[in-house]
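Commentary on secondary and tertiary structure
Residues per chain are reported as follows:
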Amino acid sequence: MSAELKILKQGAEAKLYICNYLGKPTLIKERFKKNYRHPDLDTSITKERIKNEARSIVRCKTAGVKTPALYLVDFERRRIYMEHFEHSITVKDFIINLKSTTNQGDMNTLDVYADLIGGTVRKMHENNIIHGDLTTSNMLLIEKDPSNIAENTKWLNHSNIELVIIDFGLSFIDTSVEDKGVDLYVLERALISTHNDYPNLFSRIFEAYKSYSKKNIKEIISKYEDVRARGRKRTMVG
Amino acid sequence: MVIAIGFEGSANKLGIGIVKDGEILSNCRRTYITPPGEGFLPRETAEHHQQNIHEVLQEALDQSGITPQEIDVVCYTKGPGMGAPLTVCAIVARTCALLWNKPILGVNHCIGHIEMGRLITKANNPTVLYVSGGNTQIIAYSRQRYRIFGETLDIAVGNCLDRFARVLKLSNAPSPGYNIEQMAKKGKKYLHLPYCVKGMDVSLSGILSYMEDRIDELLKDYTPEDLCYSLQETVFAMLVEITERAMAHCASDEVLIVGGVGCNERLQEMMGVMCSERGANIFATDERFCIDNGVMIAHAGALAHAAGTRMPLEHATVTQRYRTDDVLVTWRDD
Ligand SMILES: Nc1ncnc2c1ncn2[C@@H]1O[C@H](COP(=O)(O)OP(=O)(O)O)[C@@H](O)[C@H]1O
Ligand SMILES: [Mg+2]
């Protein structure tokens, strides 16, 4: 079978192949052996990541957070088989493409997606799923009903768009507010660096996060602010 | 053509260097070395710089073969760093600027490292891993700023290594990190240590306190060499991982390692293996340029000066906190 696999891309830690599994378009995420690190460390990290990813995908389903469906886990070959969204765009690419088409309507669409992201992250946190790597590379937009709209306008038609969260390798289950604060801080930093032309993006997402539910929100905000202050206070000598 | 002199003293190295359009004319340095088990403190470090700065300045001028009259701009480290040592260099730089009647320019230390690395290695638009005693950052350029994609959530990697060297009472000469590196080469037995990566960020305080808390027990089963080896393997794996994550996120195929920890050959080797596994290129420099030096401040200042950046004398102060992304990169327009 491996001879027929087509490589789609090399991600942050895995190689992604596409194939057809039981008649469905499938993506194989293979956490190949990293020769730069000690083999014992590599084995333990890889096992843990595969376990985390599979577990969180399942948990998201119960929580009502859309993720690729999980088809198969193969620890031996370090692979996860999952639903492949053939027609999708990462939120990162969506925002980068916005630049060329800036008009007010498109900005409203971005606000709609920011709200969606905030609500979705909150939903994960309510279910104690800490994503661990919240960046716009790990969020996909897909169509609810497949359309024939041209690629450059399709993703602006927000009433027909759904948000999918992917890449749960660094995720874990934890009830503490500290981890939620760190998760938000990681997201904020990724947005500031990647999408510096939209400086208000995080605050919009955070507002949606806060208003989605009130439970524990004060504690989470204050933890997030602690983590953030720690970063600002460091003097960085040398 | 720009000739620039640079004064660096943000931590325990005092460096003065002179550069002429990217050609290094001199690069002189003195390091304040503390006894084993001790770190450097601001007051003593400032005293060290004060006692050596005139001699280093003379040496840098002599080696360069130029006279102060030929200098176009006097550059110094504005921050980040320790207040008192920074101030020593700022005062001498201001004095020289007034004495020689030259413009002065405060330079961000981190930007100095990045631009020096780009100059030496000719890396064009790399993802930068900046690792030193006080810094651990993953940086990439976008729209006139060096943006921080990842960083440590608590202590810097150099600080983590230095503090572990102190636990083992290793010598601080030439640097604690260098001695850890040499010990690690003889380590054989790998100890599993806490591994903590959060997206493109890392946390290093957990691994240090884990080792500090049980050092006596650990030394029963592992040699100091094994512990140095295990520490390096673990923290460097974390750094390589977040660098790779940032590269995937930014679609980058170049890595540049800068900062004092960047001259660690094991780190360079691990990064090289990661790069070859994704068809990317690695760039690194040796201790002359990785470790804090004056020429990097001169070079970054010269770039800014040539692009028209100016600083009135009354703004030529120091600041302990000065983030890499605070600086407007006037000399790049890509
Ligand atoms: N189920 C999927 N359907 C479509 N594209 C996907 C899917 N999963 C991942 N991708 C694409 O592959 C990239 C890398 O996948 P990811 O799971 O994030 O791996 P890594 O941990 O290596 O970053 C994503 O950014 C996205 O572009
Ligand atoms: Mg990813």
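Quick caveat: nothing in here was measured; it's all calculated off a predicted structure. (Residues numbered from 1 in each chain as written. Chains lettered and ligands numbered in written order. Predicted model: local features only at pLDDT ≥ 70, side-chain atom pairs only at ≥ 80, totals over all residues. Heavy atoms only, no water.)

**Comments concerning the overall build of chain A**
So the rule is basically this: Secondary structure elements follow DSSP: runs of H or I no shorter than four residues count as helices, runs of E no shorter than two count as strands, and numbering proceeds from the N terminus. Within these notes, the globule rule equals 2.2 Å times the number of residues to the 0.38 power, and the radius of gyration is based on C-alpha atoms. Residue burial is assigned from relative accessible area. The probe radius is 1.4 Å, only protein chains are included, and a residue is buried under 20% of its type maximum, exposed over 50%, and partly exposed in between. Should any heavy atoms of two residues lie within 4.5 Å, those residues are counted as being in contact. Only the protein chains shown count as covering a residue, and every accessible area follows the Shrake-Rupley method with a 1.4 Å probe. Neither His nor the chain ends is counted toward charge; the positive residues are Lys and Arg and the negative residues Asp and Glu. Throughout, a charge is located at the NZ atom of Lys, the CZ atom of Arg, the CG atom of Asp or the CD atom of Glu.
Along the backbone of chain A there are seven helices and 10 strands. Computed over the C-alpha atoms, the radius of gyration of chain A is 19 Å, within 12% of the 18 Å expected from 2.2 N^0.38 for a compact globule of 238 residues. Across its three principal directions, the C-alpha atoms of chain A cover 50 × 50 × 40 Å. The buried share among the 238 residues of chain A stands at 54%. Here the analysis covers contacts within chain A between residues at least 6 apart in sequence; of these, 66% occur between residues at least 24 apart. As displayed, chain A has an accessible area near 10800 Å², and 51% of this comes from carbon and sulfur atoms. Across chain A, the centroid of the 38 positively charged side chains sits 3 Å from that of the 32 negatively charged ones.

**Details of the sheet that holds strand S8 (residues 139-143) of chain A**
Residues and elements named next belong to chain A. Heads up, the rule is: When DSSP finds two or more bridges between two strands, those strands count as paired. An axis is simply a line fitted to the C-alpha atoms; with a helix, the fit covers only the stretch in contact. Between two such axes, the angle follows the N-to-C directions and lies from 0 to 180 degrees.
Strands sit in the order S6-S8-S9 across an open sheet of three strands; the sheet is antiparallel. Taken across any chain shown, the strands that pair with only one partner, and hence form the sheet edges, are strand S6 (88-90) and strand S9 (161-165). Going from strand to strand, the sheet's axes swing by 30° on average, the running direction of each strand aside. Sheet analysis places S8 next to S9, joined by five bridges and oriented antiparallel. Counterpart to isoleucine 142 in the pairing with S9 is glutamate 162. Each of S6, S8 and S9 is contacted by helix H2 (residues 91-98), which is oriented at about 80° to S6, the strand it contacts most.

**Here we look at the nonpolar core**
Residue and element names in this part refer to chain B. Counted only if it meets this: Note on terminology: a nonpolar core comprises buried Ala, Val, Leu, Ile, Met, Phe, Trp, Tyr and Cys residues joined through side-chain atoms within 4.5 Å. Residue ranges assigned to each domain were obtained from an automatic or database domain assignment.
Judged by nonpolar contacts, the single largest core of 62 residues is most densely connected at Ile5 and Phe7. Looking at which element gives the most residues to this core, the answer is helix H2 (residues 83-100), with eight residues. Each of domain 1 (3-113 + 289-326) and domain 2 (123-287) contributes no fewer than three residues to this core. One finds Leu168, Ala237, Val255 and Met270 within the second-largest nonpolar core, a separate group that totals 56 residues.

**Digging into the UniProt feature "binding site: a divalent metal cation" (unreviewed entry) in chain B**
Residues and elements named next belong to chain B. Our working definition: UniProt positions are given in the numbering used here, feature names are shortened, and annotations may be inferred rather than shown by experiment.
Here the UniProt-annotated "binding site: a divalent metal cation" (unreviewed entry) positions come out as His109, His113, Tyr130 and Asp292. For this annotated set, covering 184 residues, all C-alpha atoms fall within 12.0 Å of each other, a compact arrangement in space. Judged by its relative accessible area of 0%, tyrosine 130 is buried. Following the sequence through the fold, aspartate 292 ends up in the loop between helix H10 (287-290) and helix H11 (294-306).

**Concerning the interface of chain B and chain A**
In plain terms, the rule: Values labelled buried area give the accessible surface lost by two parts on being combined, using a 1.4 Å probe and summing over both. Think of a salt bridge as a Lys or Arg side-chain nitrogen and an Asp or Glu carboxyl oxygen that are within 4 Å of each other. Polar contacts, as used here, are pairs of N or O atoms within 3.5 Å; protein pairs need one atom able to donate a hydrogen and one able to accept it. Residues neighboring in sequence count only if both atoms are side-chain atoms.
Of the residues lining the interface, 54 residues belong to chain B; the matching set on chain A comes to 43 residues. Taken together, both faces of the contact between chain B and chain A bury some 3900 Å²; the carbon and sulfur share is 51%. One can count six salt bridges joining chain B with chain A. The salt bridge partner of Asp201(B) is Arg189(A), with a shortest N-O separation of 3.0 Å. Inspection of the chain B/chain A interface yields 13 residue pairs in polar contact (both at pLDDT 80 or more). Where the side of chain B that touches chain A is concerned, the elements lending two or more residues are helix H3 (109-121), strand S7 (136-142), strand S8 (145-151), strand S9 (197-198), helix H8 (224-250) and helix H9 (265-277) of chain B. It is H8(B) that provides the largest number of residues to the side of chain B that touches chain A, a total of 11 residues.

**Considering the domain arrangement of chain B**
Residue and element names in this part refer to chain B. Applicable threshold: We call Asp, Glu, Lys and Arg charged. Ala, Val, Leu, Ile, Met, Phe, Trp, Tyr, Cys and Pro are nonpolar, and the rest, Gly among them, are polar.
Domain boundaries assigned for chain B yield domain 1 (3-113 + 289-326) and domain 2 (123-287). The centre of domain 1, based on its C-alpha atoms, is set 26 Å off from the matching centre of domain 2. Between arginine 29 and glutamate 287 there is a salt bridge whose closest N-O contact spans 3.0 Å. Joining domain 1 to domain 2, the criterion identifies 13 residue pairs in polar contact (both at pLDDT 80 or more). Contributions of two or more residues to the side of domain 1 that touches domain 2 are made by H3 and H10. The dominant element in the side of domain 1 that touches domain 2, judged by the number of residues it contributes, is H3, at four residues. Partitioning the side of domain 1 that touches domain 2 into residue classes produces eight nonpolar, six polar and five charged.

**Brief notes about the coordination of the magnesium ion (ligand 2)**
Residues and elements named next belong to chain A. Definition in use: The rule for donors is simple: N, O or S, within 2.8 Å of the metal, or within 3.2 Å if the metal is Na, K or Ca. Water isn't counted, so a site may look like it is missing partners.
Around the magnesium ion (ligand 2), the protein supplies Asn138 (OD1) and Asp167 (OD) as donor atoms, at distances of 2.1 to 2.3 Å. With asparagine 138 in the loop between strand S7 (129-130) and S8 and aspartate 167 in the loop between S9 and strand S10 (172-173), the pair connects residues that are 29 residues apart, well separated along the chain. Take aspartate 167: its relative accessible area is 14%, and that puts it in the buried class.

**Considering empty space enclosed by the protein**
The cut-off we apply is this: For each structure, a 1 Å grid was placed over the protein atoms alone; sets of points admitting a 1.4 Å probe that cannot get out are labelled cavities, open sets with protein on both sides within 12 Å along at least five of seven lines are labelled pockets, and lining residues have an atom within 4 Å of a point. Grid points are joined across faces, edges and corners, and a volume is the space filled by probe spheres set on the points.
Counted by the stated rule, this structure contains four cavities of 30 Å³ or more. When its volume is computed, the largest cavity comes out at roughly 40 Å³. Around the largest cavity sit Ile130(A), Gly132(A), Phe172(A), Asp179(A), Val182(A), Asp183(A), Val186(A) and Lys198(B), which together line it.

**A look at the pairing of S8(A)**
Looking along a regular strand, one sees side chains alternate from face to face of the sheet. Residues and elements named next belong to chain A. For S8, the tally of buried residues reaches five of five residues, placing the bulk of the element in the interior. Every second residue of S8 is oriented toward a common face, with Met139, Leu141 and Glu143 on one face and Leu140 and Ile142 on the other, all of them buried. Pairing analysis gives three bridges linking S6 to S8, with the strands arranged antiparallel. When the sheet's bridge partners are listed, serine 88 is paired in S8 with isoleucine 142.

**A look at the sheet that holds strand S2 (residues 15-21) of chain A**
Residue and element names in this part refer to chain A. What the five strands build is an open sheet, ordered S1-S2-S3-S5-S4; its pairing is antiparallel. Each having just a single partner strand, strand S1 (6-10) and strand S4 (70-74) make up the two edges of the open sheet. Taking the axes of each pair of neighbouring strands and ignoring which way they run, one obtains an average angle of 25° across the sheet. Judged from the four bridges that link them, S1 and S2 form a sheet pairing that is antiparallel. Among the inter-strand pairings, glutamine 10 is bridged to a residue of S2, identified as lysine 15.

**Description of the packing of helix H5 (residues 177-194) of chain A against helix H6 (residues 201-212) of chain A**
Residues and elements named next belong to chain A. In plain terms, the rule: For classification purposes, an angle smaller than 35 degrees is called roughly parallel, one larger than 145 roughly antiparallel, one from 65 to 115 roughly perpendicular, and anything else oblique. For any helix crossing, the convention is left-handed if the near helix is rotated counterclockwise from the far helix by under a right angle, and right-handed if that rotation is clockwise.
Closest axis-to-axis distance for the H5/H6 pair is 9 Å, and the angle between their directions is 150°. One finds that H5 runs roughly antiparallel with respect to H6. As for the relative orientation of H5 and H6, their crossing is right-handed in sense. On H6, the residues touching Lys180, Leu184, Leu187, Glu188 and Leu191 of H5 are Leu201, Phe202, Ile205, Phe206 and Tyr209.

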